[in-house]
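# Breakdown of the fold
Here is how the chains run, residue by residue.
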Amino acid sequence: MPLTAPPRRHGNIKVFLNGRIFVGPDWRIMTLSVVLISVCSLVFVFFTNEIVAARITVGVTALISVSVLLLCGLSDPGVKPRQPPPPPDAPPRESLWLEREYLDENGCVHQARLEMKWCYSCNIYRPYRGVHCRYCDQCVARRDHHCPWTGTCIGAKNYRSYFALVWVLSVMLFTALCGGIQSFVQRIVRHSKVTPVIEDGPSAFTSALFDTYGLELILILVSFIFGLLVWSLAVYHTYLISRNLTSGDAAKDLKENVFTHGSVLANLWAALSGWREEEMTCGDARTEVVIEVGGFDDVGDPPSPSTTTPAASSHATVCDGGDASHL
């Protein structure tokens with residue numbers, strides 16, 4: 001018999017140390033990310049760059065980036081454990097519906113009816129913003145997207161570390177780009193003062209290039225290419241957080257944002273302090289938040305009067321396609 005128990009599986013995610021470490025299906029790409037950040041930053045700090053401030057900034061942000069990347073990639077993204085399958089003759093599971101209050105930008109209280117679908121792979125009712133990831137083969141609460149660079153899904157429990165990661169990487173890449181250009185220009189200027197003295201010698205640009213065997217120019221290009229990607233991600237996810245949306249919500253082109261907390265600051269605070277508990281909870285026929293179990297010919301039909309909250313000034317329904325319409 002083995003001395004240690006084998007890791008538990010949640011779909012394609014392996015779980016170690018009683019749920020302390022979650023290893024996603026793309027762990028090899030995550031390892032490549034760690035190696036790429038580490039090697040490039042070490043070359044920049046100890047070999048190619050001449051700007052002290054840039055070397056210190058890149059070194060510190062690279063260390064933070066690797067730490068946050070490992071935290072994001074090896075933590076629970078919000079996996080909802082699978083349950084035993086129902087009996088073969090069990091009827092199809094109808095969707096559950098719950099009510100959620102939200103504030104619009106004018107401070108008015110509204111209600112939304114949100115759908116919790118049954119997942120036939122995990123045998124659970126997914127949280128109303130949960131998605132079954134085809135790569136992880138697992139339902140993830142408040143799933144934003146699957147990120148191969150972190151090796152796993154980005155969901156409710158690791159989104160904040162992912163958000164911190166893209167911004168720290170943005171600072172590192174911007175510093176590496178600007179510091180690399182400044183250092184390379186300094187080399188060219190220094191060699192330009194020597195080149196006129198040496199007849200038939202290499203140009204100042206060529207001499208500066210061969211000072212670091214071309215590595216400094218390569219790092220400048222790498223910083224620019226990856227910077228375009230990371231900077232756009234940082235800006236995009238800042239926009240999503242300001243509206244309390246996920247990438248999936250934004251892709252649905254909602255006519256009305258039923259997930260907002262009423263203001264940008266409130267949405268930012270919600271993102272930094274933690275998501276609502278109901279976004280993490282799997283639906284169950286006995287839960288108090290469920291207001292209907294099936295029974296609607298059309299998802300646009302209103303709920304029964306007994307389930308309507310008097311404080312709500314209007315209702316919005318989120319349909320399968322993601323559209324929201326006033327009732």
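Above this text sits the structure in question.
Treat the numbers as computed from the prediction; the structure is a model and nothing was measured.

## Looking at the overall build of the protein chain
Along the backbone of the protein chain there are 7 helices and 14 strands. By the burial criterion, 46% of the 327 residues in the protein chain qualify as buried. Of the contacts made within the protein chain by residues no fewer than 6 positions apart, 66% connect residues no fewer than 24 positions apart. Accessible surface, the protein chain: about 17,300 Å² in total, of which carbon and sulfur atoms supply 64%.

## Describing the layout of surface pockets
Computed from the structure, the largest pocket encloses a volume of approximately 550 Å³. Along the walls of the largest pocket sit 28 residues, with I37, L169, L173, F226 and V230 positioned nearest its centre. Contributing elements (two or more residues each) for the lining of the largest pocket: α1 (27-48), α2 (52-73), β10 (145-147), α3 (159-194) and α5 (215-243). A breakdown of the residues in the lining of the largest pocket according to their chemical character gives 22 nonpolar, 6 polar and no charged.

## Details of a nonpolar patch on the surface
A cluster of nonpolar side chains, I29, L32, L36, W149, L221, F224, I225, F226, L228 and L229, forms an exposed patch at the surface whose accessible area comes to about 900 Å². Only α1 and α5 provide two or more residues apiece to the nonpolar patch. Tallying contributions element by element places α5 first for the nonpolar patch, with 6 residues. By the secondary structure assignment, L221 is in helix α5.

## Things to note about the pairing of strand β5 (residues 109-116)
Every other side chain in a regular strand lies on the same face of the sheet, so the side chains alternate between the two faces. Along β5, 7 of the 8 residues are buried, which leaves the element largely enclosed by surrounding structure. Pairing between strand β4 (residues 96-103) and β5: 8 bridges, direction antiparallel. Residue pairing in the sheet places Y102 in a bridge with H110 of β5.

## Some details on the pattern of salt bridges
Counted by the stated rule, this structure contains 7 salt bridges. Here R187 makes a salt bridge to E50, at a shortest N to O gap of 3.4 Å. On the criterion of sequence distance, the pair formed by R187 in helix α3 and E50 in the loop between α1 and α2 is long-range, its members being 137 residues apart. For the salt bridge of R187 with D211, the shortest nitrogen-to-oxygen distance reads 3.8 Å. In this pair, R187 is assigned in helix α3 and D211 in helix α4 (residues 204-211), connecting sequence segments 24 residues apart. The exposure class of D211 is partly exposed, given its relative accessible area of 32%. Bridged by salt links that share partners, the residues E50, R187, R190, D211 and E216 form one connected network.

## Some points on the packing of α1 against α2
Closest axis-to-axis distance for the α1/α2 pair is 9 Å, and the angle between their directions is 170°. Our classification of the angle between α1 and α2 gives roughly antiparallel. Counted together, M30, S33, V34, I37, S38, S41, F44 and V45 of α1 and A54, R55, V58, G59, A62, V66, L69, L70 and G73 of α2 form the full contact between these two elements. Class assignment of the residues belonging to the contact of α1 with α2 gives a composition of 11 nonpolar, 5 polar and 1 charged.

## Observations regarding the packing of aromatic side chains
Within the structure shown, the criterion is met by 8 aromatic pairs. Seen in terms of ring centroids, Y128 and F259 are 6.3 Å apart; in terms of plane orientation they differ by 5°. Their pairing is stacked. Here the residue Y128 occupies a position in the loop between β7 (124-125) and β8 (131-133), and F259 occupies one in the loop between α6 (247-251) and α7 (264-273), the gap between them amounting to 131 residues. Measuring from centroid to centroid gives 6.4 Å for W149 and F226, while their planes differ by 80°, and the two rings are edge-to-face. Here W149 is found in the loop between β10 and β11 (152-154), whereas its partner F226 is found in helix α5, with 77 residues between them in sequence. Residue W149 is classed as partly exposed on the basis of its relative accessible area, which comes to 40%. One cation-aromatic arrangement involves R93 over W118; the distance from NZ or CZ to the ring centre is 4.3 Å.

How each quantity is defined
Residues numbered from 1 in each chain as written. Predicted model: local features only at pLDDT ≥ 70, side-chain atom pairs only at ≥ 80, totals over all residues. Heavy atoms only, no water. Helix = DSSP H or I, 4+ residues; strand = E, 2+ residues; numbered from the N terminus. Buried < 20%, exposed > 50% of the residue type's maximum accessible area, 1.4 Å probe, protein only. Contact = heavy atoms within 4.5 Å. Areas by Shrake-Rupley, 256 points an atom, 1.4 Å probe, with all protein chains shown as cover. 1 Å grid on protein atoms, 1.4 Å probe; cavity = no way out; pocket = protein on both sides within 12 Å on 5 of 7 lines; lining within 4 Å. Points joined across faces, edges and corners; volume = space filled by probe spheres on them. Nonpolar A, V, L, I, M, F, W, Y, C, P; charged D, E, K, R; others polar. Patch = residues over 30% accessible without salt bridge, like charges linked within 9 Å, V, L, I, M, F, W, Y side chains within 5 Å. Salt bridge = Lys/Arg side-chain N within 4 Å of Asp/Glu carboxyl O. Pairing = 2+ DSSP bridges. Axes fitted to C-alpha atoms, helices over the stretch in contact; angles between N-to-C directions. Parallel < 35°, antiparallel > 145°, perpendicular 65-115°, else oblique. Phe/Tyr/Trp six-rings, centres within 6.5 Å; stacked < 30°, edge-to-face > 60°. Lys NZ or Arg CZ within 6 Å of the ring centre and 35° of its normal.

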